[in-house]
Amino acid sequence: MFEKVMALEFAPFLISFKLASITTLILFCISLFLAWSLAQSRSRFKPIFEAITALPIVLPPSVLGFYILYALSFHSPIGRFFQDVLGIKLVFNFTGLVVASCFYSLPFMVQPLQSGFEALPKNMLEASYIAGKSKIETLFFVALPNIKPALMSAIIITFAHTVGEFGVVLMVGGSIPGETKVASVAIYEMVEIMDYTSAHIYSGIMVFISFVVLLCVYIFNRQESHRLGGVV
Amino acid sequence: MIEIEVKKELLGSLGKMDLDVNLTIEAQSFVALSGQSGSGKTTLLRILAGLEEAKGRIVVDNEVWLDGFKALPPQKRGIGFVFQDYALFPNMSILDNLLFVRQDKALAKELLSMSELLELAHRKPATLSGGQKQRVSLCRAMMNRPKLLLMDEPLSALDPFMRNKLQQEILSLHKTFGTTTIMVSHDPSEMYRLSSRVVVLSQGKIVQDGDAKSVLLRTQGSQKFSFEGELLDVIKVDVIYIAIVAIGQQIVEVVLDASEALDLHVGDRVNIGTKAFAPILQKWEKK
């Protein structure tokens with residue numbers, strides 16, 4: 001058993017975590033402004049944007065994967081533009097995986113942030129505007145520091161969700177060892193060739209890491225709400 | 001000098017209503033804005049702060065804040081605003097709450113020591129009592145030496161003792177800085193103590209405007225004194241009736257005869273007055 005563990009290839013895990021880290025970072029930068037403007041918006045078009053943002057939650061990963069694959073491939077203007085003008089190939093490589101993951105995990109970053117922002121007392125933000133601070137200053141100095149639990153949930157859940165991604169990754173990335181073969185795809189292939197021992201070890205590791213990550217979030221949120229005593 | 005001329009359609013509890021206010025306020029004066037809830041007081045205050053849209057014209061010291069629909073954003077108005085629920089920034093210490101408005105440590109320390117908060121300067125707002133939080137909020141509002149200080153029922157969440165103490169502080173801040181102030185209030189004693197002018201709104205229109213005494217004193221004709229209250233109960237005792245009336249924070253009993261009692265219903269707004277004798281005033285606690 002021990003030799004089996006030692007002999008296992010851990011590259012898929014590394015790719016999974018590398019993919020999740022980069023996706024989380026990119027999504028955080030995009031979603032911060034998206035969630036802030038959605039939370040502040042009183043436009044009647046807001047539900048349309050909210051629905052688009054939430055689409056990846058309800059769509060089957062294969063549908064999402066198919067559209068992303070098509071959009072990024074040489075058959076679509078977007079894919080052709082990237083390949084011809086910028087010289088970047090976006091399918092069946094790591095870059096493509098990152099782009100696909102960003103679409104797939106977008107709602108998991110936007111929604112906690114947006115509800116965090118919306119739960120802030122309106123008066124507190126107005127007090128900041130009256131103090132002469134712009135919306136962006138208010139976002140960074142007043143809003144963001146006061147939604148720490150939501151922020152933490154958004155980051156961790158996006159990260160965990162990207163690690164757990166399967167369908168989209170398989171469709172857009174294929175399963176190229178060392179490049180696009182992530183842990184979830186590796187487990188699928190192990191089961192397919194009936195290598196149950198490896199599948200057990202891989203799955204066990206996934207369960208353990210996921211549990212520890214979620215446990216950390218809940219402990220942090222508990223401490224944070226004790227420390228702040230609710231929003232003043 | 002502040003000239004206000006605003007119009008806005010509001011959706012109140014009684015359906016649609018037009019806020020239509022025409023008001024000129026002298027520099028350095030203290031105006032109390034009163035009226036029943038839903039009369040448009042808070043909306044007027046928020047329009048003055050630039051937090052709500054309206055149509056009309058607002059000119060403050062020759063600076064145009066509102067012209068038609070074109071409004072100066074709240075960031076550029078240089079006002080102070082005290083919210084009923086304090087609206088402090090929980091992530092910052094008391095001192096940082098003040099410095100967030102303007103990096104002026106000397107002024108921040110002066111304000112905090114005036115409000116006896118200097119020792120708490122490095123604490124977070126969550127550890128403060130309601131009265132202390134509202135003082136911080138008041139200090140914060142004074143940090144940019146505002147041209148206009150707006151207060152939306154600043155003391156209504158506090159107990160009567162704390163209210164009295166903060167009224168004194170508001171008064172001394174007003175005297176020190178001479179800031180033109182508009183305060184929404186429901187408390188006649190508060191308005192009398194603090195303001196030089198009381199404006200009463202009803203259904204979005206000004207219905208009374210004058211000095212505190214003429215607006216707030218409710219006696220009529222030969223009445224020596226009278227109080228407004230709410231009838232809580234009418235109890236029959238032998239042949240007479242006793243009415244229990246709430247006046248402000250107090251409950252009093254008044255003897256009625258049967259004919260008077262018939263006409264009264266629990267929940268009625270009533271006036272208690274007397275003509276025949278001079279009321280006795282006794283001190284029960286030294287200030």
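Residues numbered from 1 in each chain as written. Chains lettered and ligands numbered in written order. Predicted model: local features only at pLDDT ≥ 70, side-chain atom pairs only at ≥ 80, totals over all residues.

Draft legend 1. Just the overall build of chain B, in detail. From N to C terminus, chain B includes eight helices and 15 strands. Seen along its three principal axes, the alpha-carbon backbone of chain B occupies a region of about 70 × 45 × 30 Å. Across the 287 residues in chain B, those meeting the buried criterion constitute 34%. A sequence separation of at least 24 residues applies to 65% of the contacts in chain B between residues at least 6 apart. (Helix = DSSP H or I, 4+ residues; strand = E, 2+ residues; numbered from the N terminus. Buried ≥ 20, exposed ≤ 12 C-beta atoms within 10 Å, placed from the backbone. Contact = placed C-beta atoms within 7 Å.)

Draft legend 2. The arrangement of the interface of chain B and chain A in detail. Across the contact, 20 residues belong to chain B and 18 residues belong to chain A. Among the residues making up the side of chain B that touches chain A, the classes are represented as 15 nonpolar, three polar and two charged. (Nonpolar A, V, L, I, M, F, W, Y, C, P; charged D, E, K, R; others polar.)

Draft legend 3. A look at the packing of helix α3 (residues 46–58) of chain A against helix α6 (residues 94–119) of chain A. All names here are of chain A. Interaxial distance between α3 and α6 falls to 7 Å at its minimum, and their mutual angle equals 115°. Classified by chirality, the crossing of α6 by α3 is left-handed. Packed against α3, whose contacting residues are Thr53, Ala54, Pro56 and Ile57, the element α6 presents Phe103, Tyr104, Leu106, Pro107 and Val110 at the interface. For the contact of α3 with α6, a count of residues per class yields eight nonpolar, one polar and no charged. (Axes fitted to C-alpha atoms, helices over the stretch in contact; angles between N-to-C directions. Left-handed = near helix turned anticlockwise from the far one by under 90°.)

Draft legend 4. How the structure looks around the sheet that holds strand β9 (residues 180–184) of chain B. Residues and elements named next belong to chain B. Spatially, six strands are ordered β7-β8-β9-β3-β10-β11 in an open sheet, and the strand pairing comes out mixed. Looking at which strands have only one partner, the edges of the open sheet turn out to be β7 (79–82) and β11 (205–210). Ignoring which end each strand starts from, the neighbouring axes of this sheet average 20° apart. (Pairing = 2+ DSSP bridges.)

Draft legend 5. Spotlight on the sheet that holds strand β14 (residues 250–256) of chain B. Residues and elements named next belong to chain B. Pairing is antiparallel across the open sheet formed by four strands, whose spatial order is β14-β13-β12-β15. Across the chains shown, the open sheet's two edge strands, defined by having one partner strand only, are β14 and β15 (269–274). Averaged over all pairs of adjacent strands, the angle between their axes in this sheet comes to 45°, without regard to strand direction. Relative to β14, strand β13 (residues 240–247) runs antiparallel, the two sharing seven bridges. Bridge pairing in β14 links Ala243 to Val254.

Draft legend 6. Just α6(A), in detail. Residues and elements named next belong to chain A. Between the first and last C-alpha of α6 there are 37 Å, a value that for 26 residues agrees with the 38 Å anticipated at 1.5 Å per step. Of all the bends found along α6, the most pronounced is centred on Ser105 and spans about 50°, while Pro107, a proline, follows it within four residues. Among the 26 residues that make up α6, 20 are buried, leaving the element largely enclosed by the rest of the structure. (Expected span 1.5 Å × (residues − 1). Bend = angle between axes of the 7 residues up to and from the residue.)

Draft legend 7. Examining the nonpolar core more closely. Counting residues in each nonpolar core, the largest one holds 113 residues, and the members touching the most others are B:Leu33, B:Phe81 and B:Leu150. Ranked by residues supplied to this core, first place goes to α6(A) with 12 residues. Apart from the residues within four sequence positions on either side, B:Leu33 is in contact with B:Lys41, B:Leu44, B:Ile182, B:Met183, B:Val184, B:Val199 and B:Leu201. (Core = buried A, V, L, I, M, F, W, Y, C linked by C-beta atoms within 7 Å.)

Draft legend 8. Geometry of the environment of A:Leu19. By the element assignment, A:Leu19 lies in helix α2 (residues 11–40). Counting along the chain gives 80 residues from A:Leu19 to A:Val99, while the straight-line C-alpha distance between them is 10.0 Å.

Draft legend 9. Seen up close, helix α4 (residues 61–72) of chain A. All names here are of chain A. Relative to the 16 Å expected for 12 residues at 1.5 Å per residue, α4 spans 16 Å between its end C-alpha atoms, a close match to the ideal helical length. For α4, the full list of buried residues reads Leu64, Gly65, Ile68, Leu69 and Leu72. Axial view of α4: buried residues confined to an arc of 130°, hence all on one face. Its buried side turned inward, α4 meets α3, α5 (77–84), α6 and α10 (167–173). (Arc of directions from axis to C-beta.)

Draft legend 10. Looking closely at the confidence of the model for chain A. Mean pLDDT over chain A: 88, with 94% of residues reaching 70 or higher. By mean pLDDT, the top-scoring element of chain A is helix α8 (residues 135–143) of chain A (96), and the lowest-scoring one is helix α1 (residues 2–7) of chain A (68). (pLDDT = per-residue confidence, 0-100.)

Draft legend 11. Structural context of the domain arrangement of chain B. The domains assigned to chain B are domain 1 (2–216) and domain 2 (225–274). For domain 1 of chain B and domain 2 of chain B, the distance between their C-alpha centroids amounts to 36 Å. (Domains from an automatic or database assignment.)

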